[in-house]
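Spelled out from the first residue to the last, the chains are:
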Amino acid sequence: MPSASAGRTSDVLIIGGGVIGLVTAWRAAGRGLRVAVADPAPGGGAARVAAGMLAAVTELHHGEEPLLELNLASAARYPDFAAELEDAAGSGVGFRACGTLAVALDADDRAQLREVHALHQRCGLRSQWLTGRECRRLEPMLAPGVRGGLRVDGDHQVDPRRLAAALLTACERAGVTFHRERVRELTVTGDRATGAVLADGTALSAARTVLAAGSHSGELPGLPPGIAPPVRPVKGEVLRLHMPPVPEGAGGGAFLSRTVRAVVRGSAVYLVPRADGELVVGATSCEQGWDTTVTAGGVYQLLRDAHELVPGITELPLRECLAGLRPGSPDNAPLLGPTALPGLQLATGHHRNGVLLTPLTGEVLAESLVTGEVPAIARPFSPLRFPSVVPV
Ligand code: GLY
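Residues numbered from 1 in each chain as written. Predicted model: local features only at pLDDT ≥ 70, side-chain atom pairs only at ≥ 80, totals over all residues. Heavy atoms only, no water.

### A look at the overall build of the chain
Here is step 1: Scanning the chain from N- to C-terminus turns up 7 helices and 18 strands.
Here is step 2: By the compact-globule yardstick of 21 Å for 392 residues, the chain fits well, its C-alpha radius of gyration being 21 Å.
Here is step 3: A principal-axis box enclosing the C-alpha atoms of the chain has dimensions of 65 × 45 × 40 Å.
Here is step 4: In the chain, which comprises 392 residues, the proportion classed as buried is 53%.
Here is step 5: Taking contacts inside the chain between residues at least 6 apart in sequence as the whole, the part at least 24 apart equals 73%.
Here is step 6: Carbon and sulfur atoms make up 52% of the accessible area of the chain, which amounts to about 16100 Å² in all.
Here is step 7: The centroid of the 37 positive side-chain charges in the chain is displaced by 2 Å from the centroid of its 39 negative side-chain charges. (Helix = DSSP H or I, 4+ residues; strand = E, 2+ residues; numbered from the N terminus. Rg over C-alpha atoms; globule rule 2.2 N^0.38 Å. Buried < 20%, exposed > 50% of the residue type's maximum accessible area, 1.4 Å probe, protein only. Contact = heavy atoms within 4.5 Å. Areas by Shrake-Rupley, 256 points an atom, 1.4 Å probe, with all protein chains shown as cover. Lys, Arg positive; Asp, Glu negative; His and termini not counted. Charge placed at Lys NZ, Arg CZ, Asp CG, Glu CD.)

### Things to note about the site of the ligand
Here is step 1: All residues adjacent to the ligand are M53, E59, Y270, A283, R326 and R352.
Here is step 2: Contacts to the ligand include R326, whose side-chain N or O atom sits 2.7 Å from an oxygen atom.
Here is step 3: The contact in question runs from a nitrogen atom of the ligand to an N or O atom on the backbone of R352, over 2.9 Å.
Here is step 4: In terms of residue class, the shell around the ligand is made up of 3 nonpolar, no polar and 3 charged. (Near = heavy atom within 4 Å. Polar contact = N/O pair within 3.5 Å; in protein donor to acceptor, adjacent residues only side chain to side chain. Nonpolar A, V, L, I, M, F, W, Y, C, P; charged D, E, K, R; others polar.)

### Points about the sheet that holds strand 6 (residues 148-152)
Here is step 1: A sheet is described by the order of its strands in space; here 8 strands give the open sequence 5-6-4-13-14-15-12-16, paired in mixed fashion. The sheet is open, and its two edges are formed by strand 5 (128-131) and strand 16 (318-328), each paired on a single side. Direction aside, the axes of adjacent strands within the sheet are offset by 25° on average.
Here is step 2: Bridge count for strand 13 (residues 259-264) against strand 14 (residues 267-273) is 5 bridges, and the pairing is antiparallel. Bridge pairing in strand 14 places V260 opposite L271.
Here is step 3: With respect to the sheet, helix 6 (residues 296-309) is in contact with strand 4 (100-104), strand 12 (232-242), strand 13, strand 14, strand 15 (278-282) and strand 16, its orientation differing from that of strand 14 by roughly 70°. (Pairing = 2+ DSSP bridges. Axes fitted to C-alpha atoms, helices over the stretch in contact; angles between N-to-C directions.)

### Brief notes about helix 3 (residues 107-122)
Here is step 1: An ideal rise of 1.5 Å per residue puts 22 Å on 16 residues; helix 3 measures up with 23 Å between its terminal C-alpha atoms.
Here is step 2: Looking only at helix 3, the buried set comprises D109, L113, H117, L119 and H120. Along the axis of helix 3, the buried residues cluster in a sector spanning 155°; they form a single face. Projecting away from the buried face of helix 3 at angles above 90 degrees are the exposed residues D108, Q121 and R122.
Here is step 3: As for helix 3, its buried residues are in contact with helix 2 (65-89), strand 4, strand 5, strand 6 and strand 13.
Here is step 4: Where helix 3 begins, one side-chain oxygen reaches toward the backbone nitrogen of D108, 3.1 Å away; that side chain belongs to D106.
Here is step 5: Looking one or two places after helix 3, you find G124, whose phi comes out positive at around 70°. (Expected span 1.5 Å × (residues − 1). Arc of directions from axis to C-beta.)

### Remarks on the state of the cysteines
Simply put, disulfide is the name for a covalent bond between the sulfur atoms of two cysteines.
Here is step 1: This model, assessed by the stated rule, comprises 0 disulfides.
Here is step 2: C286 takes part in no disulfide bond, and the closest cysteine sulfur, belonging to C321, lies 15 Å away. (Disulfide = S-S within 2.5 Å.)

### Side note on the side chain of R258
Here is step 1: Note that R258 resides in the loop between strand 12 and strand 13.
Here is step 2: For R258, a relative accessible area of 11% translates into the label buried.
Here is step 3: Side-chain polar atoms of R258 contact the side chain of E139, separated by 2.7 Å.
Here is step 4: Discounting chain neighbours no more than four positions away, the residues touching R258 are C98, G99, T100, L101, L138, E139, R151, D153, L271 and P273.

### A word on the packing of aromatic side chains
Here is step 1: Counted by the stated rule, this structure contains 3 aromatic pairs.
Here is step 2: With a centroid separation of 5.7 Å and 80° between ring planes, the pair formed by Y78 and F81 is classed as edge-to-face. On the criterion of helical spacing, the pair formed by Y78 and F81 is a turn pair, its members being 3 residues apart in helix 2. Both residues of the pair, Y78 and F81, count as buried.
Here is step 3: When the ring of Y78 is compared with that of F95, the centres are 6.1 Å apart and the planes differ by 10°; the resulting orientation is stacked. Taken together, the positions of Y78 in helix 2 and F95 in the loop between helix 2 and strand 4 put the pair 17 residues apart, joining distant regions of the chain.
Here is step 4: Three or more aromatic residues joined by ring pairs form one cluster here, namely W26, Y78, F81 and F95. (Phe/Tyr/Trp six-rings, centres within 6.5 Å; stacked < 30°, edge-to-face > 60°.)

Given below as structure tokens:
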């Protein structure tokens, strides 16, 4: 007979079952650790809303160059990671090596995009300047007014919902235990994190605990003063439309074949076409706490801006409008690895790059959990870089 405490003690307890918590669990289980995940709805979280762009190059922002190496390293892992996960789960993740086209709609946008191109060149990134006509030759549904663009053949996409579902199955097959319950508080015994207590009172103990609760990571009760990660919710609204199938033998191309993006009136808009006909249009970005209301203004902004890029989208059926919360950090980069509280590691704060950084995060956290060593590429992203997480 299994004892009453079976499954309540593990080598690693992961708080949060979004893609970051799940990939950490899968990779740690693959390294021989007994792993448990606590989350009322594993496989949910921000990935349910995210578009799944793997945009290491086209989402590079001035001042975020330190993050570039991490993002590129994770992007490079995607083809093999997707194949390995699909094999482990027996289901697809929708990885498409489709590339991205960033376009400019007017002279100001074009000047800004030229700056972006110069930044790419300074950073040794591959992107190619195209005229408006060349852009439309690649994507005939683009507005006639498009003034130029950057072709980035290395920025691909994955379907985050299928990614999360596959990770969940892969974890189950790897023997990860799931506690489908909210975590009430972190347990600290002496000067160590030793697990957590669930909302139903169940006590879970673990040699190491990983906090991977996305934008909620800083809110976990029981975190000692100075240990709470400085993450905040950054709301993003996203729409899902559906593209018409390409008629067989029609000779014409798909509605859109690659991710198309632009900055319109200062706001980023992107259109991510999936192989199954889904067209994801995102995303607003605003900071107003835990609100996940989809507003008329948000939908209007996305449709207006997307329509300026691709006028034909107004003909498409609109299937979903959702809002999610990105886990923002003070420098827009993740917090990976040990904290100042022994026994507690972080995998949070991925902001716009959670889906992109999923493969690398799993690898880094598993290595840190097994050997105690954080791989060199992730050391600049130690939680200890923020004074707020050093004990007071
Ligand atoms: N990475 C896309 C977004 O955060 O909107």
